[in-house]
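These are the residues of each chain, in order.
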Amino acid sequence: MNKKLSENMRDHLYAIDAGLLEDPLGQSLDLVYRCGVTDDFTRDLLKGRIHNHVLEMEKHGPFHRPRKLTQGDFYQGFDIKGQEIRFPVDWLNEPKLTIGTTGSGKTTLARYEILMLAPFFSLGKLSAWLFDFRKTEFGALQPYLARLEKHLNIITGRKMKLNPLQVPCSVEPISYASNLSDALVRVWEVPPVASLLLSQSIIQLYRTFGVLDGGQHYPTMFDLHSVIRKNTGSNSQARNAVLVRLETLLISVGNVLAYRKGWDVHELSKLSINFQFNDITEKDQNLFLSVLLLHAFMSRVAQSRSNAKMNLLIYCDEASRLVNSSDTSVSQFIGLIRGTGIGLNLSNQTADISRSILSNTPNKILGRCASATDYDVMGASMGLTAEQKQWLKIHLKKPGMFLASLGQAVHPFLFTVPNLNFKQSDFTVDRSFPELDRLPIVPAPEFSNWTTFAQPEVVVETTSSPLERQSEGTDATQLTLSPDEIRYLKEVVKTPKKPISYYPPRIQMGTGHALKIRKALISKGFIKLEKVQQSPGRGRPSNIVVPTSLAHDAVSALQGEC
Ligand SMILES: Nc1ncnc2c1ncn2[C@@H]1O[C@H](COP(=O)(O)OP(=O)(O)OP(=O)(O)O)[C@@H](O)[C@H]1O
Ligand SMILES: [Mg+2]
């Protein structure tokens, strides 16, 4: 505070800042001080208030009580004196991040918030998407919401009906293709160059299927796999990486994706749904979430819904995989999602999260943490003083007690929520979802028995060059390998993951020639090098040779020929 200010002015400013002048007497004091007509009596009144406030802070921590947060339809819990904290529901229309160690009460807090918001749930006005990634904890809300006559649909990852290539309503197919390609690259962690391959392939499919002309007969991820597999002229590293991811996806959740038209995400966003994704892999969870968010987000932007009223509330509990790198889809979306009517809530056990999530979550909640670093990281992003951080490290110990810093509130404040003792044994979860079953879909039964992709044909190179062979009419989709490449490849498949020096003597090949062969096999996508530490903690890591799935298929195809 400015030292040149008089004591009166300092007291006055302190009292305003601490919210000590909100009541009628406080407002009179405020007026008197503003007019500069103070006397001993008014000074004593104000100093008495400041004195009590300082004592209270000594006792309850260096945080202001949220005295102004007494109005609005959303109940956040109770302040340290047991007073209700309320504010407008619209404050949740900005991304929120909750951090707290295991057992700090994050899930209980989320469930409490959802129950507080439940009275507002109604078709098309406000609905909730609750994502369970590891445990299945939001399902317990179903019977409690039912008492309020609100239906929570519970759906597992494997029961979804989704076509990621379906274009969201009002969105241009080409713009969607490039956004989806970027999202797939991030979810699958494939080289960025794969984005071009993906978007070109998707646009090619849209053209073939008439989607660019407004058609709604959509290609599927199976069609995408087939197009990319045939595209042998593309960057082989990107192509192989994408093929491996696509095959893994289609094998694990092919039944979910065997739809020309899956559930329309715009319609899904009108329903309250608990997505129990603990039955699918993290990559598939991330993909489904990204597709759902991308659709919800892009169709809203296309309909120019900026600064819209919040009508979709999303809770992602245990979102560690989604928040810990700046390259996840959520990290990319979060900067854009504000103002589109989507209230996104993420929770995580540690503050080890991407900068973009930290900077783009105006609402932050901090519970008990297990490491001082988490208090420091969150403290810095919530604008806490050193004294406040230190206090939290020592005193924020109880489950259910949190510090909130809201984009629309002036000061961070402490609050508690009651423990909700949901007993799983007290109810049976209704896993039917008639509301979703009513949504129109178009199955693609031709893919229902898709198990794995066909073996690639391997052409053994003899004398002619690849160009000559193409001009002779050889199928351009075939993969070509020279006899030496085949010898090298067979040895790698037989004894994989050995250092590069291991192979040349085994196949009686000179080191120089083996180097050339190895480079050719890497560029064709049959093998890759991985660094491993041979003796722990000492020396430089050495390169080992790893066959890709393409190598296995090529070698089994060759054995079939023999
Ligand atoms: N508001 C509360 N008041 C008192 N105890 C609570 C409160 N919230 C949670 N607890 C206690 O803490 C336990 C863990 O709560 P919860 O599952 O919400 O934590 P969590 O942060 O989600 O943990 P995890 O990260 O492991 O999922 C609860 O079983 C309950 O006993
Ligand atoms: Mg939890």
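The residue numbers shown here count from 1 along each chain, following its written sequence. Whichever chain is written first becomes A and whichever ligand is written first becomes 1, with later ones labelled in order. Local features in a predicted model are, by the rule used here, given only for residues with pLDDT of at least 70; side-chain atom pairs are given and counted only at 80 or more, and totals for whole chains, interfaces and linings are based on all residues. The basis for every side-chain value is the complete set of heavy atoms in the structure, and neither hydrogens nor water enter the calculation.

Named according to an unreviewed UniProt entry, the protein is AAA-like domain protein originating from Gimesia alba.

(A) Representation of the layout of surface pockets in the model. Grid spacing is 1 Å over the protein atoms alone, the probe is 1.4 Å, and a cavity is where that probe fits but cannot get out, while a pocket is an open set with protein on both sides within 12 Å along at least five of seven lines and lining residues have an atom within 4 Å of a point. Grid points are joined across faces, edges and corners, and a volume is the space filled by probe spheres set on the points. The computed volume of the largest pocket comes to approximately 390 Å³. Together, 18 residues line the largest pocket, and Gln 237, Asn 240, Ala 241, Lys 528 and Thr 548 are the ones closest to its centre. At the level of elements, helix H9 (236-257) and strand S17 (527-532) are the ones that each hand at least two residues to the lining of the largest pocket. Under the scheme used here, helices are H or I runs from DSSP no shorter than 4 residues and strands are E runs no shorter than 2 residues, and both carry numbers assigned from the N terminus. With 6 residues, the single largest contributor to the lining of the largest pocket is H9. The residue classification treats Ala, Val, Leu, Ile, Met, Phe, Trp, Tyr, Cys and Pro as nonpolar and Asp, Glu, Lys and Arg as charged. All others, Gly included, are polar. The residue inventory of the lining of the largest pocket, partitioned by class, reads 9 nonpolar, 6 polar and 3 charged. By convention here, the domain bounds are inherited from an automatic or database domain assignment. There are two domains that each give the lining of the largest pocket at least three residues, and those are domain 3 (173-257) and domain 4 (458-561).

(B) Seen up close, the domain arrangement of the protein. As far as domains go, the protein holds domain 1 (7-60), domain 2 (74-160 + 265-422), domain 3 (173-257) and domain 4 (458-561). Using C-alpha coordinates to define each centre, domain 2 is positioned 31 Å away from domain 3. The interface of domain 2 with domain 3 comprises 19 residues on the first partner and 17 residues on the second. Across the domain 2/domain 3 interface, buried area totals approximately 1,500 Å², and carbon plus sulfur atoms make up 64% of it. For this analysis, a salt bridge means a side-chain nitrogen from Lys or Arg found within 4 Å of a carboxyl oxygen belonging to Asp or Glu. Where domain 2 meets domain 3, there are 1 salt bridge. Between Lys 283 and Glu 189 there is a salt bridge; the shortest N-O distance is 2.6 Å. Contacts described as polar in this section are N or O atom pairs within 3.5 Å, which, within protein, must combine one atom able to donate a hydrogen with one able to accept it, while residues neighboring in sequence count only if both atoms come from side chains. Applying the counting criterion to the domain 2 and domain 3 interface returns 5 residue pairs in polar contact (both at pLDDT 80 or more). Listing elements by their share of the side of domain 2 that touches domain 3, those giving two or more residues are helix H11 (282-302) and helix H13 (329-337). For the side of domain 2 that touches domain 3, the class distribution of residues is 7 nonpolar, 7 polar and 5 charged. For this analysis, residues touch if any pair of their heavy atoms sits within 4.5 Å. Summed over both partners, the accessible area lost on bringing two parts together, with a 1.4 Å probe, is the buried area.

(C) Representation of empty space enclosed by the protein. Applying the stated criterion across every chain yields a total of 3 cavities of 30 Å³ or more. Counted as a void, the largest cavity has a volume near 100 Å³. Lining of the largest cavity is provided by 13 residues; of these, Thr 98, Lys 106, Ala 110, Tyr 315 and Ser 347 occupy positions nearest its centre. For the lining of the largest cavity, the secondary-structure elements that each account for two or more residues are strand S3 (96-99), helix H4 (106-117), strand S8 (312-317) and strand S9 (342-348). For the lining of the largest cavity, the class distribution of residues is 6 nonpolar, 3 polar and 4 charged. Empty space within the second largest cavity amounts to approximately 80 Å³. Lining the second largest cavity are Phe 133, Arg 134, Glu 282, Gln 285, Asn 286, Glu 318, Ala 319, Ser 320, Arg 321 and Leu 322. Of all the secondary-structure elements, those providing two or more residues to the lining of the second largest cavity are H11 and helix H12 (320-323). Classifying every residue of the lining of the second largest cavity gives 3 nonpolar, 3 polar and 4 charged.

(D) Representation of the packing of aromatic side chains. Aromatic pairs are defined between Phe, Tyr and Trp rings, using the six-membered ring for Trp, whenever the two ring centres lie within 6.5 Å; interplanar angles under 30 degrees are classed as stacked, those over 60 as edge-to-face, and all others as tilted. According to the stated counting rule, one finds 17 aromatic pairs in the structure shown. On the numbers, 5.8 Å between centres and 40° between planes, the contact of Tyr 488 with Tyr 503 is tilted. Taken together, the positions of Tyr 488 in helix H19 (residues 483-494) and Tyr 503 in helix H20 (residues 503-506) put the pair 15 residues apart, joining distant regions of the chain. Across the pair, exposure class does not vary: Tyr 488 and Tyr 503 are buried alike. Among the aromatic residues, those joined into a cluster by ring pairs are Trp 129, Phe 131, Phe 133, Phe 275, Phe 277 and Phe 288. Think of it as a cone above the ring: NZ of Lys or CZ of Arg counts as a charge over the ring if it is within 6 Å of the ring centre and within 35 degrees of the ring normal. Sitting over the face of the ring of Tyr 502, Arg 506 holds its NZ or CZ atom 3.9 Å from the ring centroid. Think of it in three bands: with a 1.4 Å probe and only protein chains considered, a residue is buried below 20% of the maximum accessible area for its type, exposed above 50%, and partly exposed in between.

(E) Spotlight on the site of ligand 1. To be near a molecule or strand, a residue needs just one of its heavy atoms within 4 Å of it. The environment of ligand 1 is made up of 16 residues, and the closest members are Thr 102, Lys 106, Thr 107, Thr 108 and Val 417. Contact between ligand 1 and Ser 104: an oxygen atom at 3.3 Å from a main-chain N or O atom of the residue. Backbone polar atom of Pro 418 to a nitrogen atom of ligand 1: 3.5 Å apart, as the coordinates give it. By residue class, the composition of the shell around ligand 1 is 3 nonpolar, 10 polar and 3 charged.

(F) Structural view of the pairing of strand S18 (residues 542-547). By the bridge criterion, 2 bridges tie strand S16 (residues 498-499) to S18 in an arrangement that is antiparallel. From the neighbouring strand, Lys 498 faces S18, where its bridge partner is Val 545. Looking at chain direction, S17 and S18 are connected through 6 bridges and run antiparallel. Residue Glu 530 lies in a different strand from S18, and its bridge partner there is Ile 544. Any two strands with at least two DSSP-identified bridges between them are counted as paired.

(G) Main features of the sheet that holds S16. An order of S16-S18-S17 is seen for the 3 strands of this open sheet, with the pairing classed as antiparallel. In this open sheet, the two strands that pair with only one neighbour each are S16 and S17. Of the strands in this sheet, S17 and S18 are in contact with H19, which crosses S18 at around 95°. Angular values range over 0 to 180 degrees, each being the angle between N-to-C directions of two axes fitted as lines to C-alpha atoms, with helices fitted over their stretch in contact.

(H) View of H11. In a regular helix each residue adds 1.5 Å, so 21 residues correspond to 30 Å; H11 covers 29 Å between its end C-alpha atoms and thus fits that length. Most of H11 sits out of view: 17 of its 21 residues are buried. Take the number of residues in a helix, subtract one, and multiply by 1.5 Å to get its expected span.

(I) View of the side chain of Asn 311. With respect to the element layout, Asn 311 can be found in the loop between H11 and S8. A polar contact is formed between the side chain of Asn 311 and the side chain of Arg 300, at a distance of 2.8 Å.

(J) Examining unusual backbone geometry more closely. Within the chain, Ser 170 stands out as a residue other than glycine whose phi angle is a positive 65°. You can see Ser 170 is positioned in the loop between strand S5 (153-156) and helix H6 (173-188). For Ser 170, a relative accessible area of 52% translates into the label exposed. Of note in the backbone geometry, Glu 189 takes a positive phi value of approximately 50° without being a glycine. Turning to its location among the elements, Glu 189 is positioned in the loop between H6 and helix H7 (194-208). Exposure remark for Glu 189: the relative accessible area of 52% places this residue in the exposed category.

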